[in-house]
Amino acid sequence: LEDQANPILLYELLSGGTLLQYVESARELGPWKPAAEHVLRWAKQLSQGLSFLHGNDPALVHGRFNPSNIFVDEELQCLKLGIGFRMA
């Protein structure tokens, strides 16, 4: 990069939207409870991601960990944390 003063951020396209959007759209169809397999997979993926961030030196801390900053793909297989990181 020639222009170091203007960093560029690239993001993976996760067309499934946020976890909050997914839950809200599912609830519009009536009473909804996620399958246990989805909840366990999400919990595992999120804990692995946070463990990785906190394991850095210096540790990275996600400042806004909530469903509107957790992104999913169309198959609900991939969870990513959105922006909001800071050094601890």
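Given the structure is predicted, the values throughout are model-derived calculations rather than measurements.

Turning to unusual backbone geometry, a few remarks are in order. Asp57 connects to Pro58 through a cis peptide bond whose omega is 5 degrees. Relative to the helices and strands, Pro58 resides in the loop between α2 (36-54) and β1 (60-62).

Counting 7 residues, the largest nonpolar core is built from Leu19, Val23, Trp42, Leu46, Ile70, Val72 and Leu76. In contact with Leu76, other than residues within four places in its own chain, are Tyr22, His38, Arg41 and Trp42.

Once that is clear, we can look at the packing of aromatic side chains. The description of two aromatic rings rests on the distance between their centres and on the angle between their planes. A complete count under the given rule lists 2 aromatic pairs for this structure. Measuring from ring centre to ring centre gives 5.7 Å for Tyr22 and Trp32, while their planes differ by 80 degrees; the resulting arrangement is edge-to-face. Residue Tyr22 is located in helix α1 (residues 19-28), and its partner Trp32 is located in the loop between α1 and α2; the two are separated by 10 residues in the primary sequence. Looking at Tyr22, the relative accessible area reads 22%, which means it is partly exposed. For Trp32, a relative accessible area of 27% corresponds to the partly exposed category. Relative to Trp42, the ring of Tyr22 has its centre 6.2 Å away and its plane inclined at 85 degrees; by these criteria the two rings are edge-to-face. Highlighted residues: Tyr22 in helix α1 and Trp42 in helix α2, separated in sequence by 20 residues. What makes Trp42 buried here is its relative accessible area of 7%. Counting every residue linked through ring pairs, the aromatic cluster contains Tyr22, Trp32 and Trp42.

Criteria and thresholds
- Residues numbered from 1 in each chain as written.
- Predicted model: local features only at pLDDT ≥ 70, side-chain atom pairs only at ≥ 80, totals over all residues.
- Heavy atoms only, no water.
- Helix = DSSP H or I, 4+ residues; strand = E, 2+ residues; numbered from the N terminus.
- Core = buried A, V, L, I, M, F, W, Y, C linked by side-chain atoms within 4.5 Å.
- Buried < 20%, exposed > 50% of the residue type's maximum accessible area, 1.4 Å probe, protein only.
- Contact = heavy atoms within 4.5 Å.
- Phe/Tyr/Trp six-rings, centres within 6.5 Å; stacked < 30°, edge-to-face > 60°.

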